[in-house]
Amino acid sequence: MSYRSGLPQLEGELFLTDGGIETTLIFHQGLDLPAFAAFVLLRDQAGTDELRRYYAPYLELARDQGVGLVLESPTWRASPRWAEELGVESQELDDLNRKAIALMEELRDEAAGVTVISGCVGPWDDGYNPSSRLTADEAQEYHSTQIATFADTAADMVAAITMTYPDEAIGVVRAAGAAGLPVAISFTVETDGRLPSGEGLGEAIVEVDEATAAAPAYYMINCAHPTHFEAVLEPEQDWAERIGGLRANASPKSHAELDEAEELDEGDPADLGARHAALSEKLPSLTVLGGCCGTDDRHVREIIQRFRRPGAG
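Description of the structure in this document. Quick caveat: nothing in here was measured; it's all calculated off a predicted structure. (Residues numbered from 1 in each chain as written. Predicted model: local features only at pLDDT ≥ 70, side-chain atom pairs only at ≥ 80, totals over all residues. Heavy atoms only, no water.)

**Focus on the overall build of the protein**
Thought 1: When its secondary structure is counted, the protein shows 11 helices and 8 strands.
Thought 2: Relative to a compact globule of 313 residues, whose C-alpha radius of gyration would be 20 Å, the protein shows 17 Å and is just as compact.
Thought 3: Along the three orthogonal principal directions, the C-alpha set of the protein runs to about 50 × 45 × 40 Å.
Thought 4: Counting all 313 residues of the protein, 57% fall into the buried class.
Thought 5: Sequence-distant contacts in the protein: of pairs separated by 6 or more residues, those separated by 24 or more amount to 80%.
Thought 6: Accessible surface for the protein amounts to roughly 12200 Å². Of this, 45% is attributable to carbon and sulfur atoms. (Helix = DSSP H or I, 4+ residues; strand = E, 2+ residues; numbered from the N terminus. Rg over C-alpha atoms; globule rule 2.2 N^0.38 Å. Buried < 20%, exposed > 50% of the residue type's maximum accessible area, 1.4 Å probe, protein only. Contact = heavy atoms within 4.5 Å. Areas by Shrake-Rupley, 256 points an atom, 1.4 Å probe, with all protein chains shown as cover.)

Right, here's the structure in full:
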């Protein structure tokens with residue numbers, strides 16, 4: 001079943017998604033991921049099996065908790081610039097993006113409830129501290145390659161994860177619209193709640209909505225701890241109601257500190273879950289919950305178990 005014409009996570013029920021895929025693969029499964037690229041594991045059966053092993057706890061968790069599941073493909077780095085850096089030719093890149101969605105299809109067949117397949121798109125430059133920026137037109141052209149591949153698969157949507165400035169997000173939204181795919185835009189923020197580019201979170205959401213006639217299905221925040229952004233959320237503002245997903249880091253450390261860390265900071269799963277529960281009043285449209293760097297299924301379990309929407313029993 002395709003959900004392109006109507007994403008079920010917009011209907012108010014809870015959905016979970018996965019945690020920090022790259023940090024889990026590196027620190028828990030002992031894999032080497034050059035450039036933080038998980039998609040290259042799809043080159044062989046052994047790598048594909050490692051990805052299956054990664055996703056398995058989330059399928060079980062969704063089943064146990066009786067919630068929906070958003071399967072985010074392992075393709076955050078599977079775009080032309082990063083592929084070139086990794087020595088992946090264009091045809092192989094297309095093949096690997098298709099294999100990623102095919103794997104999500106297989107996992108969906110194993111899932112118990114409503115399951116959405118999301119084609120993950122990552123930033124053109126660094127996800128913490130980009131050294132250069134694309135215009136909206138440049139971003140649209142760049143991301144169209146990967147998004148066009150997703151459009152020719154069973155992907156229900158596109159999710160642009162770890163966007164650091166509005167122009168690139170605008171380009172992704174336009175590329176997804178041209179390909180006929182709904183899109184979620186996920187911004188990351190620094191410890192002061194502002195994007196790495198300096199814009200306020202609300203300012204960035206408003207800018208993208210104004211440039212695209214509010215085309216994104218919803219917005220998300222990822223790769224930041226709740227302590228970094230909870231103070232800037234303004235529940236009575238329209239832009240806060242546009243935030244439908246949250247994928248927080250386990251650690252309250254800054255991006256710079258995490259970049260320099262040699263060991264994984266797993267934080268406190270129970271505290272992370274409690275902080276998400278406290279956000280339910282500030283983010284009334286929040287339905288998609290998962291994790292980012294340092295998190296795994298333990299963190300997501302705490303988040304799902306503790307989270308309650310306003311008015312829920």
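**Considerations on the pattern of salt bridges**
Thought 1: Using the criterion set out here, one finds 19 salt bridges in the structure.
Thought 2: The shortest N-O distance in the salt bridge between Asp64 and Arg301 comes to 3.7 Å. Of this pair, Asp64 sits in helix H2 (residues 45-65) while Arg301 sits in helix H11 (residues 297-306), placing them 237 residues apart in sequence.
Thought 3: Using a relative accessible area of 29% as the deciding quantity, one classes Arg301 as partly exposed. (Salt bridge = Lys/Arg side-chain N within 4 Å of Asp/Glu carboxyl O.)

**Brief notes about unusual backbone geometry**
Thought 1: The backbone phi angle of Ala35 is positive, close to 60°, even though this residue is not glycine.
Thought 2: Structurally, Ala35 can be placed in the loop between helix H1 (21-28) and H2.
Thought 3: Accessibility expressed as a relative area gives 25% for Ala35, which makes it partly exposed.
Thought 4: Despite not being glycine, Cys223 has its phi angle at roughly 60°, a positive value.
Thought 5: Looking at the element boundaries, Cys223 is found in the loop between strand E6 (218-222) and helix H8 (226-229).
Thought 6: Using a relative accessible area of 3% as the deciding quantity, one classes Cys223 as buried.

**Describing the layout of surface pockets**
Thought 1: Considered as a void within the structure, the largest pocket measures approximately 630 Å³ in volume.
Thought 2: The wall of the largest pocket is formed by 36 residues, among which Glu22, Thr23, Phe36, Tyr128 and Cys293 lie closest to the centre.
Thought 3: Going through the elements one at a time, H1, strand E4 (157-163) and helix H9 (255-260) are the ones with two or more residues in the lining of the largest pocket.
Thought 4: Across the lining of the largest pocket, the residue classes break down as 17 nonpolar, 10 polar and 9 charged.
Thought 5: Its volume calculated, the second largest pocket comes out at about 160 Å³.
Thought 6: Lining the second largest pocket are 16 residues, with Gly66, Val67, Gly68, Gly113 and Val114 positioned closest to its centre.
Thought 7: Listed by contribution, the elements that provide at least two residues to the lining of the second largest pocket are H2 and strand E2 (68-72).
Thought 8: With 3 residues, the single largest contributor to the lining of the second largest pocket is H2. (1 Å grid on protein atoms, 1.4 Å probe; cavity = no way out; pocket = protein on both sides within 12 Å on 5 of 7 lines; lining within 4 Å. Points joined across faces, edges and corners; volume = space filled by probe spheres on them. Nonpolar A, V, L, I, M, F, W, Y, C, P; charged D, E, K, R; others polar.)

**With respect to helix H5 (residues 136-151)**
Thought 1: For H5, the principal kink sits at Ser144 and spans about 45°.
Thought 2: For H5, the set of buried residues is Ala136, Ala139, Tyr142, His143, Gln146, Ile147, Thr149 and Phe150.
Thought 3: Elements in contact with the buried residues of H5: helix H3 (80-85), helix H4 (90-110), strand E3 (115-121), E4 and helix H6 (166-179). (Bend = angle between axes of the 7 residues up to and from the residue.)

**A word on the packing of H5 against H6**
Thought 1: Between H5 and H6, the shortest axis-to-axis distance is 7 Å and the interhelical angle comes to 40°. Considered as vectors, H5 and H6 are oriented oblique to each other. Here H5 runs over H6; the crossing is right-handed. Residues Ala136, Asp137, Ala139, Gln140, His143, Ser144, Ile147 and Ala151 of H5 pack against Asp167, Glu168, Ile170, Gly171, Val172, Arg174, Ala175, Ala176 and Ala179 of H6.
Thought 2: Per-class residue counts for the contact of H5 with H6 are 9 nonpolar, 4 polar and 4 charged. (Axes fitted to C-alpha atoms, helices over the stretch in contact; angles between N-to-C directions. Parallel < 35°, antiparallel > 145°, perpendicular 65-115°, else oblique. Left-handed = near helix turned anticlockwise from the far one by under 90°.)

**Things to note about the pairing of strand E8 (residues 288-291)**
Thought 1: Covered by surrounding structure in E8 are Val288 and Gly290 together with Leu289 and Gly291, the residues of both alternating faces.
Thought 2: Across 2 bridges, the pairing between strand E1 (residues 15-16) and E8 is parallel. Looking across to E8, one finds that Leu16 is bridged to Leu289.
Thought 3: With 4 bridges connecting them, strand E7 (residues 243-248) and E8 associate as parallel partners. Directly across from Ala248, in E8, lies its bridge partner Gly291. (Pairing = 2+ DSSP bridges.)

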